[in-house]
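Fold and contact review
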Amino acid sequence: MKAFEWANAQSIDDAVKLLAPADPNADPDEMARPMGGGQDLLTTMKAYIVRPPRVVNLKTIPNVGMISGDGQQGLTIGAGVTLTQLAEHPEVKKSFPGLVEAALSIATPQIRNMGTVGGNLCQRPRCWYYRLENVNCLKKGGSEGYAQSGENKYNAIFGGGPSYVVHPSDLAPMLVALEEFFTLPRADLRRENVLNPGEIVTEIRVPGHATAPRSTYLKFKERSSLDFAMSSVAVVLEMGPDNKTVTQARIVLGGVAPIPWRVPKAEAVLVGNVISDETAGKAAVLALEGAAPLAKNGYKIPLTQTLVRRALANVAAV
Ligand SMILES: Cc1cc2nc3c(=O)[nH]c(=O)nc-3n(C[C@H](O)[C@H](O)[C@H](O)COP(=O)(O)OP(=O)(O)OC[C@H]3O[C@@H](n4cnc5c(N)ncnc54)[C@H](O)[C@@H]3O)c2cc1C
């Protein structure tokens, strides 16, 4: 690991000052980095994927680890809230059960005790070409992407090109309101979200609802212990007065694209209908419409269709 300076930020302004790039034209992987729990950052530093001259600890900022509000007004989740705090918070459990499922699907209790919401959303991709110290792929500023014609079992079936990474965060698909936060490789290869060097996530606002929407998060992992999603589905449904007819639907896929992948056609087919085998089946087919699998990841299409059908059956049964 390259030697670095450690700084404890005392406020958000202090963090932004400490993170301001000395040279805005420098390689982004050579600039100062913010740190939440360090569960991803330290791994990327050890493999020389990022080489920051300074690491800015965000956990010393007062109130950055707070959750406030409720299901009706909406929730404000500080970027420094740990995944365990999120999963155990009474109001999140009551009003946003899908968010609790997503948080609990992440890694292990030890990593959830340290890892923060901000760090989870801003973690770097897990493509093994990207993670290999000696491979200089497109995302590291190199001139070649290796997954497209190489080992691409875990790579993207939507939104790929020129890089085919998938976004690794389990919270991201559930926090559907954040969809404009994430960016495709074709917009900027070197980053996964809209943050410029020196900018940080300070909090996440989850809008409130008069009646709590139904939500669930289903994730398929290759190992039953800790693992990243090969595919996942976040579903949020609002029901009409009969408690059966869908009035609003959000379906976001994880593990299939470089960003959480919203599927508006699948959502639209549910609105005005009751969830049945037939409507769930139609939504599942539409959710995967347009997928462009690589040589080794075509299995993601039937896998994700099954997750969509099961997630809809789960929320309909509540
Ligand atoms: C063995 C293992 C298994 C894992 N499994 C999963 C899994 O199943 N699902 C999953 O989603 N994740 C998984 N992770 C990834 C990740 O470590 C955790 O999800 C954790 O939430 C990261 O949070 P952190 O606070 O430790 O992030 P950090 O390591 O502190 O930061 C991660 C990145 O985000 C940046 N960052 C941190 N905070 C901010 C902020 N407020 N604003 C802007 N940028 C910021 C950092 O500079 C860094 O680039 C796993 C990690 C490991 C090591």
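The coordinates are above.
The structure reproduced in this document is the subject of the present report.

A short note on the site of the ligand
The environment of the ligand is formed by 34 residues, the closest being Pro34, Gly37, Leu41, Thr116 and Asp170. The separation between an oxygen atom of the ligand and a polar side-chain atom of Asn120 is 2.7 Å. Between Lys219 and the ligand, the recorded distance is 2.9 Å, taken from a side-chain N or O atom to an oxygen atom. For the ligand, whose free accessible area comes to 970 Å², the fraction covered by protein is 93%. Within the residue set of the shell around the ligand, elements represented by two or more residues are strand 2 (33-35) and helix 7 (117-122). If you tally residues by element for the shell around the ligand, the top one is helix 7, at 4 residues. Of the residues contributing to the shell around the ligand, the split by class is 16 nonpolar, 12 polar and 6 charged.

Details of the sheet that holds strand 5 (residues 74-78)
Adjacent strands of a sheet form backbone hydrogen bonds with each other and so pair up, either parallel or antiparallel. If you trace the 3 strands from one edge of the open sheet to the other, you get 4-5-6, paired in antiparallel fashion. Whereas interior strands pair on both sides, the edge strands pair on one side only; in this sheet they are strand 4 (67-70) and strand 6 (203-207). Between one strand axis and the next, the sheet turns through 10° on average, direction left out of account. Pairing between strand 4 and strand 5: 4 bridges, direction antiparallel. Residue pairing for strand 5: Ser68 is matched across the bridge by Thr76.

Observations regarding the packing of helix 11 (residues 277-287) against helix 12 (residues 300-317)
As a packed pair, helix 11 and helix 12 sit with axes 8 Å apart at the nearest point and diverge in direction by 145°. The handedness of the crossing between helix 11 and helix 12 is right-handed. Contacts between helix 11 and helix 12 involve Ala280, Gly281, Ala283, Ala284, Val285 and Ala287 on the former and, on the latter, Gln305, Val308, Arg309 and Leu312. Looking at side-chain class alone, the contact of helix 11 with helix 12 contains 7 nonpolar, 2 polar and 1 charged residues.

Structural notes on the environment of Gly254
Counting through the fold element by element, Gly254 comes out in strand 9 (residues 246-254). Under the relative-accessibility criterion, Gly254 is labelled buried at 5%. Taking the C-alpha atoms as reference points, Gly254 and Leu184, 70 residues apart in sequence, are found 14 Å from one another. Leaving out residues up to four positions away in the same chain, Gly254 has contacts with Pro173, Ser231 and Ser232.

Calculation criteria
Residues numbered from 1 in each chain as written. Predicted model: local features only at pLDDT ≥ 70, side-chain atom pairs only at ≥ 80, totals over all residues. Heavy atoms only, no water. Near = heavy atom within 4 Å. Polar contact = N/O pair within 3.5 Å; in protein donor to acceptor, adjacent residues only side chain to side chain. Areas by Shrake-Rupley, 256 points an atom, 1.4 Å probe, with all protein chains shown as cover. Helix = DSSP H or I, 4+ residues; strand = E, 2+ residues; numbered from the N terminus. Nonpolar A, V, L, I, M, F, W, Y, C, P; charged D, E, K, R; others polar. Pairing = 2+ DSSP bridges. Axes fitted to C-alpha atoms, helices over the stretch in contact; angles between N-to-C directions. Left-handed = near helix turned anticlockwise from the far one by under 90°. Contact = heavy atoms within 4.5 Å. Buried < 20%, exposed > 50% of the residue type's maximum accessible area, 1.4 Å probe, protein only.

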